[in-house]
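# Report on the structure
Listed here are the chains, written in short residue letters.
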Amino acid sequence: MTGAAGQVGRELVGALGPHDVFGCDHTALDVTDGADVRDAFSSIQPDVVVHCAAFSAVDACESEPDKAFAVNGRGTEHVMDAARAAGAYVVYVSTDYVFDGTKPEPYLEDDAPNPQSVYGQSKLAGEAAIDDDCAIVRTSWVCGRYGPNMVKTVLRLATEHDTLRFVTDQRGHPTFAADLAVMLARFVDERPAGIWHVTNQGAVSWFEFAQEVLRAAGADPSRVQPISTAELQPPRRAPRPANSVLANARLEAADWELLPDFRTPLGALVANLRG
């Protein structure tokens, strides 16, 4: 597994308990170095590779496009090339940012990507490197126990300010790293091919999500005030998709149980973070 120190990777190590897991963070495996990846895979001889490593700082990608494409694009090519040589199946974790967000309905797996940010463009370049008999798992709005994420941000802001302001014109499915890890572990076991959307259920705006975080923390959700993306100060460097809602259509067609409504893991996460 790449990206083992990230919020999804750390949960996945636990979810893959029955398997022999080699978890590599960026200090142990530099995916931008093709020879390093090839040597590592030649030594480990993996049967399955879950590729979680990414340069996912969305705004930083705009100012560091070379790094974004080196990690997310060419880095994924290196992983796929080395996995192919080892005969390994790959699960590549991708993003809702491959879409432009203009579709009024939830995005299906076969909708045409049209990324508007460097991050989305670089992750789509990574998707293009994945072999057809492997899997691309797109997810969105990931939160969890580890690393920075919006749940932690809302809880912190709530201790610093009486009023919080979040946008109403960006909608998506919050996805919890622990739930996503369980689904990725199923991909490891069953090895389906193609593009899949995997998120928790429940479409909300960031404004509504922040309200739910406060509600889960026993705080007054009316402290959150709605604003538009255009009103954000300072403005965000990278454009965000207005509609990030991913329909989990292939999971439904395969009769796989969908991840639960986000409010269920949100309550557990907030309780965990608050001790």
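Residues numbered from 1 in each chain as written. Predicted model: local features only at pLDDT ≥ 70, side-chain atom pairs only at ≥ 80, totals over all residues. Heavy atoms only, no water.

## A short note on the pattern of salt bridges
For the coordinates displayed, the defined rule picks out 13 salt bridges. Between aspartate 131 and arginine 84 there is a salt bridge; the shortest N-O distance is 2.8 Å. Of this pair, aspartate 131 sits in the loop between helix 5 (118–129) and strand 3 (135–139) while arginine 84 sits in helix 4 (residues 65–86), and the two are 47 residues apart along the sequence. The partly exposed category is assigned to aspartate 131, whose relative accessible area is 22%. Residue arginine 84 is classed as partly exposed on the basis of its relative accessible area, which comes to 41%. (Salt bridge = Lys/Arg side-chain N within 4 Å of Asp/Glu carboxyl O. Helix = DSSP H or I, 4+ residues; strand = E, 2+ residues; numbered from the N terminus. Buried < 20%, exposed > 50% of the residue type's maximum accessible area, 1.4 Å probe, protein only.)

## Some points on the sheet that holds strand 6 (residues 171–172)
Where strands meet in a sheet, backbone hydrogen bonds hold them as pairs that are either parallel or antiparallel. Across the sheet, which stays open at both edges, the three strands sit in the order 9-6-11 with mixed pairing between neighbours. Either end of the sheet is taken by a strand with one partner, and the two such strands are strand 9 (204–205) and strand 11 (243–244). Inspection of the sheet shows strand 6 paired to strand 9 by two bridges, in the antiparallel sense. Counted as the bridge partner of arginine 171 is serine 205 from strand 9. (Pairing = 2+ DSSP bridges.)

## Here we look at the state of the cysteines
Following the criterion strictly, the structure yields zero disulfides and no others. Here cysteine 24 is not cross-linked by a disulfide; its sulfur's nearest cysteine counterpart is in cysteine 52, at 12 Å. Note on cysteine 24: relative accessible area 14%, which makes it buried. (Disulfide = S-S within 2.5 Å.)

## Digging into helix 8 (residues 206–216)
Counting buried positions along helix 8 gives eight out of eleven residues, so the element sits mostly inside the fold. Within the span of helix 8, buried status applies to Trp206, Phe207, Phe209, Ala210, Gln211, Glu212, Val213 and Leu214. Looking one or two places after helix 8, you find glycine 218, whose phi comes out positive at around 80°.

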